[in-house]
Each structure stands twice: as C-alpha cells, then as structure tokens.
Amino acid sequence: MKRKIIHIDEDRCNGCAACIPNCPEGALQIIDGKARLVSDLFCDGLGACLGHCPEGAILVEEREAEPYDERRVMENIVRQGAGTIRAHLIHLQEHGEDALYRQAAAYLREQGIGNPCEDPGPSRAEHGGCPGSRLRTLKPSGAAPAAPSSERPSQLQNWPIQIHLANPRAPYFRGADLLLAADCAGFAATDLHNQWLAGRVTLIGCPKLDDTEAYLEKLTAIFKQNEPRSLTVLHMEVPCCGGLVALAREALTRSGAQTPFTAVQISLQGEILRSLPVA
C-alpha cells in the first residue's frame, strides 16, 4: 500500500542517534554508524523524529510500504516500560490518530497493563508529549509598539504566501531574497514586518501538520526555476519546527540551486536563539 513513511538520507546521517529516543515505536536503529528504518511495520509516518535530527537527514515521503501494525508496535513498546508506553500513546493522541490509540489501549487491557494516559494526575498536555503542543503561559515583554499600526506600513511583498498556493512561475520569485517561515513564527517574532518581511518574498508552512512531500516538490520547483538570491528559514525552537530546515535543504539539493541559506531559530517569545548558514 502507498502511505507516508520516513526516509533517511544516508549521506547526511552522522549516526548521532538523536532521533532514536523520539521513535518509541522502535522503527529506527543505529546500524553500521547510520540511522536505519528497520521495519515499515513500525513506522507510523507521523515524523516524531524529524525535528530531532541536527543534520536534516530525515524526511517524510509517500511510497509503497507495508501497512503500519499497531499491535506489533505495542509488543515492542511494552518491553520498554511505562515511560515509552506513555510517550507512544501521547504521540498518537496529539496527531489525532484516535483509531490507533484505541488499538493500543485495547492491547494494554488484553495484557493486563495499566494505561498511563488514563491514570489520574496532571494533564498530559502540561507535563508530557510533543513539545510543540505542550501548554505554556507566556509573559508579554511589556514593551509598547513604537507607533500605532496604522503608521507602520506592511512590508509584505507577495501573495499568496502559503507554500501550497505558491506558483513557481510567479515573477517575484526570480532572483529574490526569499523568506521561508514556519506558520507559528509570525506570531512569535516581535517585529515580523520590519525585521523579516522587509525586502523579502515570503512563503509560510507547517512541517508538522501539512503535506511535507507536496512542500518538497513545490519548493524544489521554485528554487530550480528562479535561483533565489538568498534563502532565510525562520523557525521556532520546538523540535517539530526543525523539519522546515530539512525540507528547505533537501529542496535546494534537488533543484541544484546555489542559493545561500541561513536558518534562524527563534524562541516562543521571539528571541533569536540561533542564526547559522546551512551547508
């Protein structure tokens, strides 16, 4: 059957094993110094490992693969203890995989094993699960805007800005300074228009919730047809957001474009945590 499943770029993988703890399903192992997908049956294709790869070596692709088998996965997971069981169940819940969650819960009941996500206690959203979905209360900086919004003109130079809607033949892409921003970054960046949009053509997307294979095809076409002058990827500090950097790097590689590429990571309160050129 054709379904979403991860792909590991062996040339980029350095065997650091950062992806391994974030795959409780046990689909990944380090073999001969490289991360390997050891079984299609164990990979759910939801990409929990994506944002944890510092080399951007992991992508989600759609291809022919054996059907994912939740019961086989649970056989492997229960051997790893309650912490791994909990991580797997939360992973399913936060990606809306209710049917798989029910299968996993049924397996636990059949084996007489407690379900850690049904135990009383603090909310899973407050104390566990995907860092990008965890509840947090943020304190505004308190700084007043420099001027009323009506006196600060928009710096947006193009429309549409969603990757899925972009036309690779749009004239504004030719030789442009391109900004590829995670959806959430626009709400976290403290001066989005003046600091990031000004002088750049903008594209936005979410590497966790959207069709990343379609993103990869669209970005590859944009880079190949237009040779942008520069590319800036603005992404959040949460691990899943790092997938946007991996997508951009893979698209540049496939396109053959020699575009200078900088990845900028910002915190939930808009601070620049890291700004690095990407090889």
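Our subject is the structure that appears above.
Residues numbered from 1 in each chain as written. Predicted model: local features only at pLDDT ≥ 70, side-chain atom pairs only at ≥ 80, totals over all residues. Heavy atoms only, no water.

J.: Would you explain the packing of aromatic side chains in this entry?
T.: Two aromatic rings, taken as a pair, are described by how far apart their centres are and by the angle between their planes. The full count for this structure, using the stated rule, is 1 aromatic pair. Relative to Phe173, the ring of Tyr172 lies with its centre 5.0 Å away and its plane at 65°, an arrangement referred to as edge-to-face. Owing to a relative accessible area of 26%, Tyr172 belongs among the partly exposed residues under this scheme. Assessed through its relative accessible area of 1%, Phe173 is described here as buried. (Phe/Tyr/Trp six-rings, centres within 6.5 Å; stacked < 30°, edge-to-face > 60°. Buried < 20%, exposed > 50% of the residue type's maximum accessible area, 1.4 Å probe, protein only.)

J.: Honestly, the nonpolar core in this entry has me stumped. Any pointers?
T.: In globular proteins that are soluble, nonpolar side chains generally tend to be buried together. If you look at the biggest cluster of nonpolar residues, it comprises 43 residues, and the most contacted ones within it are Leu180, Leu203, Phe223 and Leu231. Sorting the residues of this core by element identifies β5 (177-182), α5 (185-188), α6 (192-197), β6 (201-205), α7 (212-226), β7 (230-236), α8 (243-255) and β8 (261-266) as the ones contributing at least two each. Looking at which element gives the most residues to this core, the answer is α8, with 7 residues. Leu180 has contacts with Ile163, Leu203, Leu219, Leu231, Thr232, Val233, Leu234, Leu244 and Ala248, leaving out every residue within four places of it along the chain. Of all hydrophobic cores here, the second largest spans 34 residues; its members include Ala35, Ile58, Tyr101 and Ala105. (Core = buried A, V, L, I, M, F, W, Y, C linked by side-chain atoms within 4.5 Å. Helix = DSSP H or I, 4+ residues; strand = E, 2+ residues; numbered from the N terminus. Contact = heavy atoms within 4.5 Å.)

J.: Honestly, the sheet that holds β5 in this entry has me stumped. Any pointers?
T.: Hydrogen bonding along the main chain pairs the strands of a sheet, whether they run parallel or antiparallel. Within the open sheet, the 5 strands sit side by side as β6-β5-β7-β8-β9. Their pairing is mixed. A strand with exactly one partner marks an edge of an open sheet, and here the two such strands are β6 and β9 (272-277). Strand-to-strand twist across the sheet, computed as the mean angle between neighbouring axes with direction ignored, equals 15°. As paired elements, β8 and β9 share 5 bridges and run antiparallel to each other. Considered in β9, the bridge of Ala263 is made with Leu276. Contacts between α8 and the sheet are confined to β5, β7 and β8, with β7 contributing the most and set at about 160° to the helix. (Pairing = 2+ DSSP bridges. Axes fitted to C-alpha atoms, helices over the stretch in contact; angles between N-to-C directions.)

J.: How do you make sense of unusual backbone geometry when you look at a structure like this?
T.: Only a minority of non-glycine residues have a phi that is not negative, and only a minority of peptide bonds are not trans. Going from Trp159 to Pro160, the amide bond is cis rather than trans, its omega being 0°. Looking at where Pro160 falls in the secondary structure, it is placed in the loop between α4 (124-127) and β5. Residues other than glycine seldom take positive phi values, yet Ala17 does so here, at roughly 70°. Structurally, Ala17 can be placed in the loop between β1 (2-8) and β2 (28-31). Residue class for Ala17 comes out partly exposed when judged on its relative accessible area of 27%. In this structure, Glu227 takes a positive phi of about 45° despite not being glycine. Along the chain, Glu227 turns up in the loop between α7 and β7. Its relative accessible area of 40% is what places Glu227 among the partly exposed residues.

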